[in-house]
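Listed below, chain by chain, are the residues.
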Amino acid sequence: MNPQANLIFITSLLLGTTITISSNHWIMAWTGLEINTLAILPLISKSHHPRAIEAATKYFLTQAAASALVLFSSMTNAWHTGQWDITQLTHPTSCLILTSAIAMKLGLVPFHFWFPEVLQGSPLTTGLILSTAMKLPPMTLLYMTSSSLNPTLLTILAILSAALGGWMGLNQTQIRKILAFSSISHLGWMAIILVYNPKLTLLNFYLYAVMTTAVFLTLNTTKVLKLSTLLTAWTKAPSLNTMLLLTLLSLAGLPPLTGFLPKWLIIQELTKQDMAPAATLISLLSLLSLFFYLRLAYCTTITLPPHTTNHMKQWRTNKPTSTAIAILTTVSVMLLPASPMILTIV
C-alpha cells in the first residue's frame, strides 16, 4: 500500500478513537466510531485477495448495523429524557439496545460470528489493530454508561462469551482464528465485572491489549499463520519462541505471569458482590481456553526437531528482535509482582 495512504488511514484511526473517547455527546461518539470503521476497511482489504475483500465486507456490514443501533439507542434516550449526554443514559430500552450495539461492535456472544472470519481474512498487523485499538472506543462507551446497564444481561453475555470463546477455539488450526476466539473469551471476563467495578474492566483490557500485541508482533516477525508452520518456527528464532511460550501462558491467565492479575482481581470482586457461582463458572470455562493456549505453547517450543513434520525446517534469522517486542513480552510476563502498585493507580 502507498505509504501516504497508509499514513492517512492510521491517522484517521487515531482521530476516530480520540473523538469517541473524549466526547460527551452521543453524536460525536457515533462520528468517531464511523471514522474508525471507514479507516480500517482499506487496511483489511489491502491484499486484494477474495478472502480479504469478504472480511472487509463482513466487517463493514456488522459495524454499520452496530453504529445504527448506537444512534437509535441514543435517539430513543433523547426522545424520552431530553438528554444527549453519554453518562445520562437512563431509559431501560435505550440501555438494552446500547448493550446489543456495543456487543456487536466488540464481538461478544451472540454477536461474535463476524470476528473470527474478519481476523482470518486480514493481515497480522491489521488483525492486531482489530483485536486491540478498535475495541477501545466501544469499551470506553461501556465504561461511561456502566452504571445504567443491566447486570444480569451482561453476566449472561459474559458467561456465554467465555464458554463459546473457549469451546470454538479448541479445534482450530489457523492461529488468527484461535486469537479471535481468545479475544471473545477475554471480552467475557471484561463484561462480567463491568457493572460492579468498571476500572477492573479497563485494567483487564489494557493488559489483554499488551499481551495480544506481543503475540501478534512475534507471529508477524516469524511469519507464522497456522499451527503446522508454528511447529517448525523454533529453528528460526529460538529465543523469540521461548518468550512467545511465556506470553501465551500469560494470556491463558496462569500464575505467576501478568495475565493472572486481572483474573484474580475479577474473581475477588465477584466474590465480594455475592456472585461466587458466576465466578466459579467463568473460572471453569477459562480452562477451555487454557487448553488451546497450551496447544499453541506446545507447538511453539516443545516440538523440537527432529520431528516428523512434512514442512521444511526454516533458516535461523540473525535479525535482532525489535525493542517493542522485548518490552511488551517483558510486561506480559513479569508484571504480577507490581500488582500492589497497579492497584493504587487503578
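Residues numbered from 1 in each chain as written. Predicted model: local features only at pLDDT ≥ 70, side-chain atom pairs only at ≥ 80, totals over all residues. Heavy atoms only, no water.

Caption draft 1: Fine view of the packing of helix α3 (residues 50-81) against helix α4 (residues 92-106). Remark: α3 packs on α4, axes separated minimally by 8 Å, with the N-to-C direction vectors making an angle of 160 degrees. Here α4 runs roughly antiparallel to α3, going by the angle between their axes. Helix-helix and strand crossings are classified by hand; for α3 and α4 the assignment is left-handed. Along the contact surface, α3 presents T62, Q63, A65, A66, S67, L69, V70, F72, S73, T76 and N77, while α4 presents S94, I97, L98, A101, I102, M104 and K105. (Axes fitted to C-alpha atoms, helices over the stretch in contact; angles between N-to-C directions. Helix = DSSP H or I, 4+ residues; strand = E, 2+ residues; numbered from the N terminus. Parallel < 35°, antiparallel > 145°, perpendicular 65-115°, else oblique. Left-handed = near helix turned anticlockwise from the far one by under 90°. Contact = heavy atoms within 4.5 Å.)

Caption draft 2: View of the domain arrangement of the protein chain. Taken as a whole, the protein chain is organised into domain 1 (1-149) and domain 2 (151-307 + 319-345). Placing a centre on the C-alpha atoms of domain 1 and another on those of domain 2 gives a separation of 23 Å. Contacts between domain 1 and domain 2 engage 30 residues on the former and 38 residues on the latter. Roughly 2,900 Å² is buried in total at the junction of domain 1 and domain 2, and carbon and sulfur atoms are behind 80% of that figure. Where domain 1 packs against domain 2, one counts one salt bridge. Here E117 ties to K177 by a salt bridge, and the two come within 3.5 Å at their closest N and O atoms. Linking domain 1 with domain 2 are four residue pairs in polar contact (both at pLDDT 80 or more). (Domains from an automatic or database assignment. Buried area = accessible area lost by both parts, 1.4 Å probe. Salt bridge = Lys/Arg side-chain N within 4 Å of Asp/Glu carboxyl O. Polar contact = N/O pair within 3.5 Å; in protein donor to acceptor, adjacent residues only side chain to side chain.)

Caption draft 3: Up close: helix α2 (residues 26-44). Compared with the 27 Å implied by 1.5 Å per residue over 19 residues, the 27 Å span of α2 between its first and last C-alpha is a close match. Residues of α2 that are buried: W26, A29, G32, L33, N36, T37, A39, I40, L41, L43 and I44. Where α2 is buried, its residues meet α1 (3-22), α3, α4, α5 (114-121), α6 (124-131) and α7 (136-145). (Expected span 1.5 Å × (residues − 1). Buried < 20%, exposed > 50% of the residue type's maximum accessible area, 1.4 Å probe, protein only.)

Caption draft 4: Broad picture of α1. With 20 residues, α1 should reach 28 Å at 1.5 Å per residue; the first-to-last C-alpha distance of 28 Å fits that figure. Turning to α1, its buried residues are L13, G16, T17, I19 and T20. Take α1 and look down its axis: the buried residues cluster within an arc of 160 degrees, on one side only. Residues P3, Q4, L7, I8, L14 and S22 are exposed on α1 and point more than 90 degrees away from its buried face. Those residues of α1 that are buried lie in contact with α2, α6 and α7. Backbone nitrogen of Q4 and a side-chain oxygen of the N-cap are separated by 3.2 Å at the start of α1; the cap is N2. (Arc of directions from axis to C-beta.)

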